[in-house]
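The lines below spell out each chain.
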Amino acid sequence: MNRRKRVARNILLLVVLSYLFLNVSGLHVSPTWAHEHSERSMHYGPSKVVHIENFNAGKLFLGKYDKWISCNPVLRMWLFFWRFGSSPAGYEYDSNKPLDYSWASDSGHYRLYGIVNDKSIERVEITLDDGTMISTMELYEHLFLLTWKSTEEQELYAKSIRGYDAEGNLVFEEDQPH
Amino acid sequence: MPSPGREEFLGKVLHQIRFPFDRASIRSELSDHISERVDHYLELGYDQEDAEQAAVSDMGDPTQIGIELNKEHSPLLGWLWKASGLLLGTVIVLNVLFVVPLIGMSLFSHYTANTIESEIVYEVSVDETVRLDDRVIHFSKVIFDTGGNLHIFYQHYDVRFRSGWSFGNIGTITDNLGNTYRGGGKGEDGGLLRRGHRVVSGFSPEANMLFVKYDHYNRKYEVTVPLPVGDGRE
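Not measured: the values here are computed from a predicted model.

On to the overall build of chain B. Along the backbone of chain B there are five helices and nine strands. The linear arrangement of helices and strands in chain B, starting from the amino end, is α-α-α-α-α-β-β-β-β-β-β-β-β-β. Relative to the globule expectation of 17 Å for 234 residues, the C-alpha radius of gyration of chain B, 37 Å, shows a markedly less compact shape. With respect to the three principal axes, the spread of C-alpha positions in chain B is 110 × 35 × 25 Å.

Rendered as structure tokens:
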């Protein structure tokens, strides 16, 4: 077998074995593929992704599917690969509340996400257990996302959430989201 | 010992070869060829030094030979060959570590074989297949034991043979008497073909119909299993 044929054989085997490995190992070469596969494997979605946010361990896909809102984490692995994070399925939101939300975490990386039903709300703010306040004015088709990281010493949960209008008036407030 | 003339000749040829991993084999091949020529001249009565000189001289212009050999031993093809071989080796190792164990688990798992501790009241063979996205679920058997537990056995696999989330929730379990059963145990093995086992505790012995209804995120299926009652029980 000459060298040209050996190269062709190697490339063919590489394609077949790489496909087999990626299929079976649960690793993906693209974060979007990992997100889509995670949803489909959970029998959820496909959601319409309105925002993708980077975090230390990977990416968060904020999306909406019918009456559900999800924030699906995909995690980076071995530099080139991506794998599922925690469950991709969304929660069924309440359109009667001015602001509805849920939260989840992956290895100390927390996320609180939801929907602003009251269109006057332009800023969403949360207060963590240690008093830290995090807020956002970014709405993605009425969805919002807030992220933070717990320290090794202390798990930090959100203890309250508020929604403000353009003038800074409090429109929505709820304590102890968790 | 190779003569300085031979070494110089080989050096000039190899200087033209751009794929370094081929230089040793080219050197060996050319050297053998020169040695054959030297033997030939020695047989004709030349002394060692003259034979070496004549043999090297017979080989021709070393630079031109090197240029021609470099064309045959294309550096691009050479590096492709090396790189593809290295990558192939890596992928084979990864498959041995990840794929082979999963195939083995699918072939040799006996997860559901000995999980019923009470005596069997009745056993029903089921042959119902449903599909959720890429997942095919086959319900194979229902067993009711003397402890009042109903065991539902099923297998499932991904049509693209991709690994993914486990399938713990097969749906809501009800019967023809209007009972809905929550709780109970469940389990599932790994592998490409996964075997699952849902245990429903406190199942009514009077029920003659079992319903498994799945309705989540706009996906639905329903499996109906007739159950033996009274004299029909084996």
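In this section: the overall build of chain A. Counting its regular elements, chain A contains two helices and twelve strands. Secondary structure of chain A in N-to-C order comes out as α-α-β-β-β-β-β-β-β-β-β-β-β-β. Its C-alpha atoms give chain A a radius of gyration of 20 Å, clearly above 16 Å, the size a compact globule of 178 residues would have. Seen through its C-alpha atoms, chain A measures out along the principal axes to roughly 80 × 40 × 25 Å. Restricting to contacts in chain A with at least 6 residues of sequence separation, those with at least 24 account for 50%.

Residue and element names in this part refer to chain A. The strand order across the open sheet built from three strands is β6-β7-β10, with neighbouring strands paired in antiparallel fashion. The open sheet terminates on both sides in strands that have one partner only, identified here as β6 (99-106) and β10 (143-149). Between one strand axis and the next, the sheet turns through 15° on average, direction left out of account. Note that strand β7 (residues 109-116) and β10 share seven bridges and pair antiparallel.

The next thing to look at is helix α1 (residues 4-15) of chain B. All names here are of chain B. Helix length check: α1, at twelve residues, gives a terminal C-alpha distance of 16 Å against a target of 16 Å (1.5 Å per residue), a fit within 8%. When α1 is considered as a whole, its buried residues turn out to be Arg6, Phe9, Leu10 and Val13. Down the axis of α1, the smallest arc covering the buried residues is 95°, so these residues share one side. Relative to its buried face, α1 has exposed residues pointing more than 90 degrees away, namely Pro4 and Gly11.

This part takes up the environment of A:His37. Secondary-structure assignment places A:His37 in helix α2 (residues 31-42). Classification of A:His37 as buried rests on a count of 26 C-beta atoms within 10 Å. Residues A:His37 and A:Arg83 lie 46 residues apart in sequence; the distance between their C-alpha atoms is 9.6 Å. Those residues in contact with A:His37 that lie beyond four places of it in its chain are A:His28, B:Arg162 and B:Gly164.

With that settled, the discussion passes to the interface of chain A and chain B. Counting residues at the interface gives 25 residues for chain A and 27 residues for chain B. Every element with two or more residues in the side of chain A that touches chain B is listed here: α1 (3-25) and α2 of chain A. Broken down by element, the side of chain A that touches chain B gets its largest block of residues, 15 residues, from α1(A). A class-by-class count of the residues in the side of chain A that touches chain B yields twelve nonpolar, eight polar and five charged.

This brings us to the nonpolar core. Generally speaking, a soluble globular protein has its nonpolar side chains buried in company with each other. Ranked by size, the top nonpolar core spans 24 residues in total, and within it A:Leu62, A:Tyr113, A:Phe144 and A:Leu145 carry the most contacts. When residues of this core are traced back to their parent elements, those giving at least two are β2 (58-65), β3 (68-77), β4 (81-84), β6, β7, β8 (123-128), β10 and β11 (158-164) of chain A. The residues touching A:Leu145, leaving out its near neighbours within four places in the chain, are A:His51, A:Glu53, A:Leu60, A:Leu62, A:Cys71, A:Arg111 and A:Tyr113. Counting residues in hydrophobic clusters, the runner-up holds 16 residues, among them B:Ile137, B:Tyr154, B:Ile170 and B:Phe203.

Right, let's get into the confidence of the model for chain B. Of the residues in chain B, 94% have a pLDDT of 70 or more, and the chain-wide mean is 89. Interface predicted TM-score (ipTM) for the complex: 0.87; the corresponding pTM is 0.80.

Quick notes on the rules
- Residues numbered from 1 in each chain as written.
- Chains lettered and ligands numbered in written order.
- Predicted model: local features only at pLDDT ≥ 70, side-chain atom pairs only at ≥ 80, totals over all residues.
- Helix = DSSP H or I, 4+ residues; strand = E, 2+ residues; numbered from the N terminus.
- Rg over C-alpha atoms; globule rule 2.2 N^0.38 Å.
- Contact = placed C-beta atoms within 7 Å.
- Pairing = 2+ DSSP bridges.
- Axes fitted to C-alpha atoms, helices over the stretch in contact; angles between N-to-C directions.
- Expected span 1.5 Å × (residues − 1).
- Buried ≥ 20, exposed ≤ 12 C-beta atoms within 10 Å, placed from the backbone.
- Arc of directions from axis to C-beta.
- Nonpolar A, V, L, I, M, F, W, Y, C, P; charged D, E, K, R; others polar.
- Core = buried A, V, L, I, M, F, W, Y, C linked by C-beta atoms within 7 Å.
- pLDDT = per-residue confidence, 0-100.

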